[in-house]
Protein chains: 2
Amino acid sequence: MGRKAGSHSEITGPKVREAALRLIARHGFAAVSMRQIAAEVGIQAGALYNYTPDKQSLLFDLMRSHMEELLESRVTSAGGGSALERLEEFTRFHIRFHLPRGQQVFVSYMELRNLEPENFQEVERLRRLYEDELEGILRQGVEEGAFAVADTKITTLALIAMLTGISNWYREGGRLSVGRIEELYWAMVRNMVAVLPIEGAELPTSVLAARAS
Amino acid sequence: MGRKAGSHSEITGPKVREAALRLIARHGFAAVSMRQIAAEVGIQAGALYNYTPDKQSLLFDLMRSHMEELLESRVTSAGGGSALERLEEFTRFHIRFHLPRGQQVFVSYMELRNLEPENFQEVERLRRLYEDELEGILRQGVEEGAFAVADTKITTLALIAMLTGISNWYREGGRLSVGRIEELYWAMVRNMVAVLPIEGAELPTSVLAARAS
DNA sequence: GTCTATATGAGGATAGAC
DNA sequence: GTCTATCCTCATATAGAC
């Protein structure tokens, strides 16, 4: 291809992204300099600008591609079935997808503040698409009378926070396997939405009717 | 008192802390400069060093005092009773304490990376004291046969993540009052640890014995 | 206690040679 | 595509006048 000596764009590009992700996850976006990223890759700072127009774009690319990968994986995994089945599948998917991506999860969560408004809006839009599927499952469960969920929006946020929180302590090779973590969290999720006589819970009329009969 | 003109230490000190908290919560520790903090207070950057030896100490003070206030409030609130009663009290306390302190929660969570090792250890120690109380409640509940919790450590982390996550979306004057949020989350917490016939859950022998009788 | 001024260094980003 | 060199701005922190 007539590539010049010292030309490695196909290798260097991914290395820049990996180095940036690793350093930003560890020290935070604002605390990481372009010189640090370049040093981690093994090039000079100026050469980074062959791969990103600026530092902000580097962050945005990391976060957007993480969300897009999540949504793409989701499309191929999501299926039909009862609300309970769909909720179990969603729970297990969320854990299996996120646990091997601790750095991406961390960055996507912590660096939202450092996105310029336009970029922030886009990442938020993608995140909402993901959460909306979960809320849809909860709504279905309420309709079916399978779930006692007083507020599907709040329960969605509670579940996401609980599940994503795993990434804060999970370490590969730790006490619990991914499979075991799936079991433990699925049991908790299942309990949380279970139909039970909770005082004050606003049960849907379909459930009240079913109980009366 | 013979105070010189322009001398306002009793006023300026708290203002420095408040300005730092507000700016760090919004932009992140590394992204905020001492000049910005000074400008927010209405003094010059050099004058900040009458109130903190350096930027790191300012962050550490904010995080440590937040944790110490949490633990002090906890001592006066915590009581005895059944595990279910204690869990309800803990849940409501956690929400009532944290919701009016969104900035502190955010900073204490996001800026752990920016603490120097010694300071990090201290903040972690205080955080663990708080979590240990929750785990103790869960252990008591398992002993009493009131809770079906397969792994008290994991359930502790799941509950903390779920409850602290409220601070990510709560806004004063929003759709839900603090009281309503307490109700919704207590219902979820209660369900989550409830004794139910969950396949695969490792029930304590006390519960299995109770069921057999 | 606060100011102005400054020491000292690092930051993002660009230009031009190879 | 990468390098070296550099522009320009901003950072933390300190010194000394008032």
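Note that the structure is predicted; figures quoted are calculated from it, not measured. Residues take numbers from 1 onward in each chain, read along the sequence in its written order. Each chain takes a letter, starting from A, and each ligand takes a number, starting from 1, following the order in which they are written. Local features in a predicted model are, by the rule used here, given only for residues with pLDDT of at least 70; side-chain atom pairs are given and counted only at 80 or more, and totals for whole chains, interfaces and linings are based on all residues. In computing side-chain properties, one takes all heavy atoms of the structure into account and sets aside hydrogens as well as water.

Regarding the confidence of the model for chain A
All names here are of chain A. When pLDDT is averaged along chain A, the result is 91; 88% of the residues meet or exceed 70. Values of pLDDT, the confidence the predictor places in each residue, fall between 0 and 100. Contacts are residue-level and defined by heavy atoms, with any inter-residue pair within 4.5 Å sufficient. Between residues 1-5, whose pLDDT stays under 50, and residues either more than four places distant or in other chains, the model counts one contact. For the stretch residues 196-213, pLDDT sits under 50, and the model shows 24 contacts to residues farther than four places along the chain or on other chains.

Topic: helix H6 (residues 117-144) of chain B
Where helices and strands are cited, they refer to DSSP runs of H or I of at least four residues and of E of at least two residues respectively, numbered from the N terminus. To estimate the expected span of a helix, subtract one from its residue number and multiply by 1.5 Å. An ideal rise of 1.5 Å per residue puts 40 Å on 28 residues; H6(B) measures up with 40 Å between its terminal C-alpha atoms. Trailing H6(B) by a residue or two, B:Gly145 shows a phi angle of about 80°, which is positive.

What about the pattern of salt bridges?
Residue and element names in this part refer to chain A. For salt bridges, the criterion is a side-chain nitrogen of Lys or Arg within 4 Å of an Asp or Glu carboxyl oxygen. Within the structure shown, the criterion is met by 32 salt bridges over all chains. Taking the shortest distance from any N to any O, the salt bridge between glutamate 89 and arginine 74 comes out at 2.6 Å. On the criterion of sequence distance, the pair formed by glutamate 89 in helix H4 (residues 83-98) and arginine 74 in helix H3 (residues 55-77) is long-range, its members being 15 residues apart. When accessible area is computed with a 1.4 Å probe and restricted to protein chains, residues below 20% of their type maximum are described as buried, those above 50% as exposed, and intermediate ones as partly exposed. Overall, the relative accessible area of 23% leaves glutamate 89 in the partly exposed class.

Some thoughts on helix H3 (residues 55-77) of chain B
Between its first and last C-alpha, H3(B) extends 34 Å over 23 residues, near the 33 Å set by a 1.5 Å rise per residue. Within H3(B) the residues assigned to the buried category are B:Gln56, B:Ser57, B:Leu58, B:Leu59, B:Phe60, B:Leu62, B:Met63, B:His66, B:Met67, B:Leu70, B:Leu71 and B:Arg74.

Remarks on the interface of chain B and chain A
At the interface, 41 residues of chain B touch 41 residues of chain A. Buried surface at the junction of chain B and chain A, both sides included, amounts to about 3400 Å², of which 59% is carbon and sulfur. In this description, buried area is defined as the sum, over both parts, of the accessible area (probe of 1.4 Å) that is lost when the two are combined. Of all residues in chain B, the largest losses of buried area upon contact with chain A belong to B:Arg113, B:Ile154 and B:Asn191, amounting jointly to 20% of the total for that side. Measuring nitrogen to oxygen at the nearest pair gives 2.8 Å for the salt bridge that ties B:Arg175 to A:Asp151. In protein, a polar contact requires one atom able to donate a hydrogen and another able to accept it; more generally it is a pair of N or O atoms within 3.5 Å, and residues adjacent in sequence count only if both atoms are side-chain atoms. On the surface where chain B and chain A come into contact, there are 14 residue pairs in polar contact (both at pLDDT 80 or more). Secondary structure elements with two or more residues in the side of chain B that touches chain A: helix H1 (9-27), helix H5 (102-110), helix H7 (152-164) and helix H8 (178-193) of chain B. Of the residues forming the side of chain B that touches chain A, the biggest block, eight residues, is contributed by H8(B). In this classification, the charged set is Asp, Glu, Lys and Arg, the nonpolar set is Ala, Val, Leu, Ile, Met, Phe, Trp, Tyr, Cys and Pro, and all remaining amino acids, among them Gly, are polar. In terms of residue class, the side of chain B that touches chain A is built from 23 nonpolar, eight polar and ten charged.

Section: the nonpolar core
Soluble globular proteins tend to pack their nonpolar side chains together in the buried interior. Think of a nonpolar core as a cluster: buried Ala, Val, Leu, Ile, Met, Phe, Trp, Tyr and Cys residues, connected wherever their side-chain atoms sit within 4.5 Å. Ranked by size, the top nonpolar core spans 116 residues in total, and within it A:Tyr185 and B:Tyr185 carry the most contacts. When neighbours within four sequence positions are excluded, B:Tyr185 is seen to be in contact with A:Ile154, A:Ala158, B:Ile95, B:Met162, B:Leu163, B:Ile166 and B:Trp169.

Overview of empty space enclosed by the protein
A pocket here means an open set of points on a 1 Å grid, computed over the protein atoms alone, that has protein on both sides within 12 Å along at least five of seven lines. A cavity is instead a set of points where a 1.4 Å probe fits but cannot get out; residues with an atom within 4 Å of a point line either one. Grid points are joined across faces, edges and corners, and a volume is the space filled by probe spheres set on the points. For the structure on display, the rule yields one cavity of 30 Å³ or more. A:Ala30, A:Arg113, B:Ala30, B:Arg113 and B:Asn114 are, among the 16 residues lining the largest cavity, the residues nearest its centre. The residue makeup of the lining of the largest cavity, split by class, is six nonpolar, six polar and four charged.

Some thoughts on the packing of aromatic side chains
Two rings from Phe, Tyr or Trp (for Trp, the six-membered ring) form a pair when their centres are within 6.5 Å of each other. A pair whose planes differ by under 30 degrees is stacked, one over 60 is edge-to-face, and the rest are tilted. Inspection of the entire model under this criterion finds five aromatic pairs over all chains. Judged by centre distance (5.7 Å) and plane angle (25°), the rings of A:Phe93 and A:Phe97 are stacked. One end of the pair, A:Phe93, and the other, A:Phe97, are both in helix H4, four residues apart, so they sit about a helical turn from each other. Judged on exposure class, the residue A:Phe93 and its partner A:Phe97 are both buried. Distance and angle both matter: a charge sits over a ring if NZ of Lys or CZ of Arg is within 6 Å of the ring centre and within 35 degrees of the ring normal. Positioned above the aromatic ring of A:Phe93, the side-chain terminus of A:Arg74 is 4.5 Å from the ring centre. Sitting over the ring of B:Phe97, B:Arg101 keeps its end group 3.8 Å from the ring centre.

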